[in-house]
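# Coordinates in review
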Amino acid sequence: MGDRKEPAPEVRRTWFLSLMEAHGLLDPELLVETPMDARSAAGALRGWLADGGRLPTAFLTASEETAMGAIRALEEAGLSIPEDVSLVSFNDTPLSELVTPALTSVSTHVEEMSRTAVRLLAERARVPGRPPVRTLPVKVVVPPSLVCRESVGVPAK
């Protein structure tokens, strides 16, 4: 959830659109809107491809599940990843390594966020016989990183 209690994917989407527009890179014709499941993503991308628009050099999906739907639709259209189009997912779950090609993914470092949350909670917990280590809240930012795998290549000419 984001600061306004919106689902995280919606917060990411809002920031993505805002930053792409701010840098003059937003092309609404290249956006494929879809629910967050593989079947819906495959159907939405199938429809988008059938409309015959300009193929981008890469698709960025909101999750591994939507990336799997994209893989299905791209393969059905006779397109090869990464030779014809690159594919990047978000979250870097174990699924990223299990599909072919292995997905390049944005890692949100969920394990590190979990360890940090538990540590911060323990520091502020009121335990009988022990005062909290800290009483003030702390904001921690765990920056994402890109985990490069096989689904990204040099754009075709």
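Residues numbered from 1 in each chain as written. Predicted model: local features only at pLDDT ≥ 70, side-chain atom pairs only at ≥ 80, totals over all residues. Heavy atoms only, no water.

### Here's the deal with the nonpolar core
- Formed by 14 residues in total, the largest nonpolar core has its most connected members in Leu45, Phe59, Ile71, Leu74, Ile81, Leu87 and Leu103.
- Contributing elements (two or more residues each) for this core: helix 2 (38-50) and helix 3 (64-76).
- Broken down by element, this core gets its largest block of residues, 5 residues, from helix 3.
- The contact partners of Leu87, leaving out residues within four places of it in the chain, are Phe59, Thr61, Ala67, Ala70, Ile71, Ile81, Leu103, Thr104, Ser151 and Val152. (Core = buried A, V, L, I, M, F, W, Y, C linked by side-chain atoms within 4.5 Å. Buried < 20%, exposed > 50% of the residue type's maximum accessible area, 1.4 Å probe, protein only. Helix = DSSP H or I, 4+ residues; strand = E, 2+ residues; numbered from the N terminus. Contact = heavy atoms within 4.5 Å.)

### Regarding the sheet that holds strand 2 (residues 86-91)
- The 4 strands lie next to each other as 1-2-3-4, forming an open sheet whose pairing is mixed. Each end of this open sheet is capped by a strand with a single partner; those strands are strand 1 (58-60) and strand 4 (145-147). For this sheet the average axis-to-axis angle between neighbouring strands, irrespective of direction, equals 20°. (Pairing = 2+ DSSP bridges. Axes fitted to C-alpha atoms, helices over the stretch in contact; angles between N-to-C directions.)

### Structural notes on the pairing of strand 2
- Burial within strand 2 is extensive, with 5 of its 6 residues counted as buried.
- Across 3 bridges, the pairing between strand 1 and strand 2 is parallel. Across the sheet, residue Ala58 finds its bridge partner in strand 2, namely Ser86.
- Taking the sense of rotation as the criterion, the β-α-β connection linking strand 1, helix 3 and strand 2 turns out right-handed.
- Of the strand pairs in this sheet, strand 2 and strand 3 (residues 104-107) are connected by 4 bridges, and their pairing is parallel. Considered in strand 3, the bridge of Asn91 is made with Ser107. (Right-handed = clockwise from strand over helix to strand, strands pointing away.)

### Here we look at unusual backbone geometry
- In this chain, Ile81 is followed by Pro82 through a cis amide linkage whose omega measures 5°.
- In this structure, the amide linkage connecting Thr100 to the following residue, Pro101, adopts the cis form with an omega of -5°.
- In this structure, Pro101 sits in the loop between helix 4 (95-98) and strand 3.
- With phi around 110°, Asn91 is a residue other than glycine that occupies positive phi space.
- Assignment of secondary structure puts Asn91 in strand 2.
- Owing to a relative accessible area of 25%, Asn91 belongs among the partly exposed residues under this scheme.
- The phi angle at Asp92 is positive, at roughly 50°, despite the residue not being glycine.
- Note on placement: Asp92 falls in the loop between strand 2 and helix 4.

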